[in-house]
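The lines below spell out each chain.
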Amino acid sequence: MVFKIAGWMISFEQARTWFDRQEYKHDHFGNDFVGIALNRWFEERNIDYLWAAVTDYPRGSRHAVIVLVRRRREDPKSTVSHYYRVRELDADREVKRQVMEETGLSDEDLPWVTVVDPRKDEKSARVSGFGVCFDALDECNTEFIAVLVSLLDYISSP
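Residues numbered from 1 in each chain as written. Predicted model: local features only at pLDDT ≥ 70, side-chain atom pairs only at ≥ 80, totals over all residues. Heavy atoms only, no water.

**Student:** Help me out: how do you make sense of the overall build of the protein in this one?
**Tutor:** Counting secondary structure elements, the protein contains five helices and four strands. When its helices and strands are written in sequence order, the protein yields β-α-α-β-β-α-β-α-α. Looking at the protein residue by residue over its 158 residues, the buried ones come to 46%. Across the protein, every contact between residues at least 6 apart in sequence was considered, and the portion connecting residues at least 24 apart equals 66%. In the form shown here, the protein has an accessible surface area of approximately 8,900 Å², with 49% of it arising from carbon and sulfur atoms. (Helix = DSSP H or I, 4+ residues; strand = E, 2+ residues; numbered from the N terminus. Buried < 20%, exposed > 50% of the residue type's maximum accessible area, 1.4 Å probe, protein only. Contact = heavy atoms within 4.5 Å. Areas by Shrake-Rupley, 256 points an atom, 1.4 Å probe, with all protein chains shown as cover.)

Next comes the structure, spelled out in structure tokens:
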């Protein structure tokens, strides 16, 4: 059994471009905070159908990316090495259109990916600095997220 997330993969640079287009201040954020800032921004806009998760992709590559998560679940039939990919549905494509409109990215710039056990990948946790944030997807670690949000508020205040 594995935990899986599925959504669109974007780079930190693409996320920063998105912030620029929306006039959201982000220059003082290091890459470790970009995913957290995206989640905070989604929360401010009452977007509860996306979650920004920092992980490495492909798994074990140590190439940190952001996945704009649309779906997450435990899959009892899969393992880390043999898993079923999550399909992109029409409802996902509707959200993708909105993301493309706001970011200026094209369909090809937002590949749909499935990531298995992102929170259990030690390399990912080291690369992102906040790999443990995946526990929040299970609503197990909301206190940790609250502390990070408070830290983000402190850092971004003048």
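Structure shown, so let's carry the discussion forward.
**Student:** Quick question: what am I supposed to make of the nonpolar core here?
**Tutor:** Side chains of a nonpolar character, in soluble globular proteins, are inclined to be buried together. Membership of the largest hydrophobic core comes to 28 residues, with the highest contact counts inside it found for I10, L38, F42, L50, I66 and L68. The biggest single contributor to this core is helix 2 (residues 31-44), with seven residues. Contact partners of I10, with chain neighbours within four places excluded, come to A15, L38, V65, I66, L68, L105 and L110. The next biggest cluster of nonpolar side chains, apart from the first, holds nine residues, and it includes I5, V65, V67 and V113. (Core = buried A, V, L, I, M, F, W, Y, C linked by side-chain atoms within 4.5 Å.)

**Student:** What is the right way to read the packing of aromatic side chains from this model?
**Tutor:** Aromatic ring pairs are described here by two measures, namely the spacing of the ring centres and the angle between the planes. Inspection of the entire model under this criterion finds seven aromatic pairs. With a centroid separation of 5.4 Å and an interplanar angle of 70°, the aromatic rings of W8 and W112 are classed as edge-to-face. Taken as a pair, W8 in strand 1 (residues 2-10) and W112 in strand 4 (residues 112-116) lie far apart in primary sequence, 104 residues in all. Here the aromatic cluster, defined as three or more aromatic residues joined through ring pairs, consists of W18, F19, Y24, W41 and F42. A cation over an aromatic ring shows up here: R45 above the ring of W41, its NZ or CZ 4.4 Å from the ring centre. (Phe/Tyr/Trp six-rings, centres within 6.5 Å; stacked < 30°, edge-to-face > 60°. Lys NZ or Arg CZ within 6 Å of the ring centre and 35° of its normal.)

**Student:** Honestly, the sheet that holds strand 2 (residues 51-56) in this entry has me stumped. Any pointers?
**Tutor:** In sheet architecture, strand pairing relies on hydrogen bonds along the backbone and comes in two forms, parallel and antiparallel. Read across the sheet, four strands follow the order 2-3-1-4 without closing on themselves; strand pairing throughout is antiparallel. The open sheet has two free edges, formed respectively by strand 2 and strand 4, since each of these has just one partner strand. With strand direction ignored, the average angle separating the axes of adjacent strands in the sheet is 45°. The sheet contact formed by strand 1 and strand 3 (residues 64-75) spans nine bridges and is antiparallel. Paired with M9 across the strands is V67, a residue of strand 3. Of the strands in this sheet, strand 1, strand 2 and strand 3 touch helix 1 (residues 12-21), which is tilted by about 100° from strand 3. Each of strand 1, strand 2 and strand 3 is contacted by helix 2, which is oriented at about 165° to strand 2, the strand it contacts most. (Pairing = 2+ DSSP bridges. Axes fitted to C-alpha atoms, helices over the stretch in contact; angles between N-to-C directions.)

**Student:** Help me out: how do you make sense of the environment of D117 in this one?
**Tutor:** Considering the arrangement of structural elements, one finds D117 in the loop between strand 4 and helix 4 (122-128). On the accessibility criterion, D117 (6% relative accessible area) is buried. A sequence separation of 37 residues divides D117 from V80, and the C-alpha atoms of the two residues are 7.0 Å apart. Apart from residues no more than four positions distant in its own chain, D117 is found in contact with V2, F3, R59 and V80.

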